[in-house]
Amino acid sequence: MKDRLMLLLYIASVLMLTSVHDLLFLSFFLLSLFLISGKNLLSLLRKSFISVIFFNFAVSISYIIFCLLKGQEWLSYVVLLNLRVFSLTFLTFLFVSKINFFKAVSFSKTLQYLLTISYSQIITYTKSFEDFKLSLKSRLIQRPDRKDVYTFISRVFSYFFKKSVENSKEISQAMRSRGFFID
């Protein structure tokens with residue numbers, strides 16, 4: 001029951017964070033999330049920062065350039081955007097660390113089934129990625145140069161893309177045979 005309540009609270013918080021445009025409120029909300037996180041604060045801050053830095057940087061710089069070219073004010077919107085994205089990301093990491101997803105969606109067999117499929121895919125892909133990293137490390141005597149790293153990344157990306165397409169077809173067929181889709 002606690003996990004379901006936390007899921008509802010998370011959904012309500014996401015809706016609220018995406019609809020409120022007050023910097024002071026968003027700052028207070030983020031500060032309260034920091035207090036709730038307790039001893040996990042530094043770990044969650046690190047994860048959140050790493051997750052949003054490239055997206056926020058690219059979007060912020062693009063928006064600033066656009067506004068400067070148009071002669072518009074940009075500071076408040078960039079601060080709002082970055083604060084909102086960071087708050088949502090931190091909230092999500094905090095939520096993931098506090099609840100058991102399987103208990104949270106236990107009210108629906110369909111959601112449990114979809115969560116099981118998703119979770120198994122995450123575990124499989126994480127294991128495959130770790131295997132790829134270990135294989136690269138074991139095949140190189142010295143630190144890889146930029147070309148080797150780019151080749152590695154492109155091949156791993158290609159593998160995961162192909163694997164995702166194959167898995168989606170198989171999962172879709174399995175779900176269709178179990179009555180999840182109505183044609």
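Data block above holds the structure.
Residues numbered from 1 in each chain as written. Predicted model: local features only at pLDDT ≥ 70, side-chain atom pairs only at ≥ 80, totals over all residues. Heavy atoms only, no water.

Novice: Break down the overall build of the chain for me, with residues and values.
Specialist: The helix and strand inventory of the chain stands at seven helices and zero strands. Order of helices (α) and strands (β) in the chain, N terminus to C terminus: α-α-α-α-α-α-α. With the C-alpha coordinates aligned to their principal axes, the bounding extent of the chain is approximately 50 × 50 × 40 Å. Classification of the 183 residues of the chain by burial places 23% in the buried group. The contacts of the chain with a sequence gap of at least 6 include a subset with a gap of at least 24, amounting to 72%. Total accessible area computed for the chain in this model is approximately 13400 Å², and 68% of it derives from carbon and sulfur atoms. Positive and negative side-chain charges in the chain, numbering 23 and 10 respectively, have mean positions lying 5 Å apart. (Helix = DSSP H or I, 4+ residues; strand = E, 2+ residues; numbered from the N terminus. Buried < 20%, exposed > 50% of the residue type's maximum accessible area, 1.4 Å probe, protein only. Contact = heavy atoms within 4.5 Å. Areas by Shrake-Rupley, 256 points an atom, 1.4 Å probe, with all protein chains shown as cover. Lys, Arg positive; Asp, Glu negative; His and termini not counted. Charge placed at Lys NZ, Arg CZ, Asp CG, Glu CD.)

Novice: Just give me the short version of the packing of helix H6 (residues 109-139) against helix H7 (residues 146-177), but keep the residues and values in it.
Specialist: Close contact between H6 and H7 brings their axes to 12 Å; oriented N to C, the two are set at 155°. The pairing of H6 with H7 is recorded here as roughly antiparallel in orientation. Crossing of H6 over H7 shows right-handed handedness. Contact with H6, carried on its side by Tyr 113, Leu 114, Ile 117, Gln 121, Tyr 125, Ser 128, Phe 129, Phe 132, Lys 133 and Leu 136, involves Phe 152, Val 156, Tyr 159, Phe 160, Lys 163, Ser 164, Asn 167, Ile 171, Ala 174 and Met 175 of H7 and no other residues of that element. (Axes fitted to C-alpha atoms, helices over the stretch in contact; angles between N-to-C directions. Parallel < 35°, antiparallel > 145°, perpendicular 65-115°, else oblique. Left-handed = near helix turned anticlockwise from the far one by under 90°.)

Novice: So what's going on with the nonpolar core? Which residues, and what values?
Specialist: Of all hydrophobic cores here, the largest spans 22 residues; its most connected members are Leu 17, Leu 30, Leu 33 and Phe 90. Among the secondary structure elements, those contributing two or more residues to this core are helix H1 (2-19), helix H2 (23-37), helix H3 (41-70) and helix H4 (75-98). (Core = buried A, V, L, I, M, F, W, Y, C linked by side-chain atoms within 4.5 Å.)

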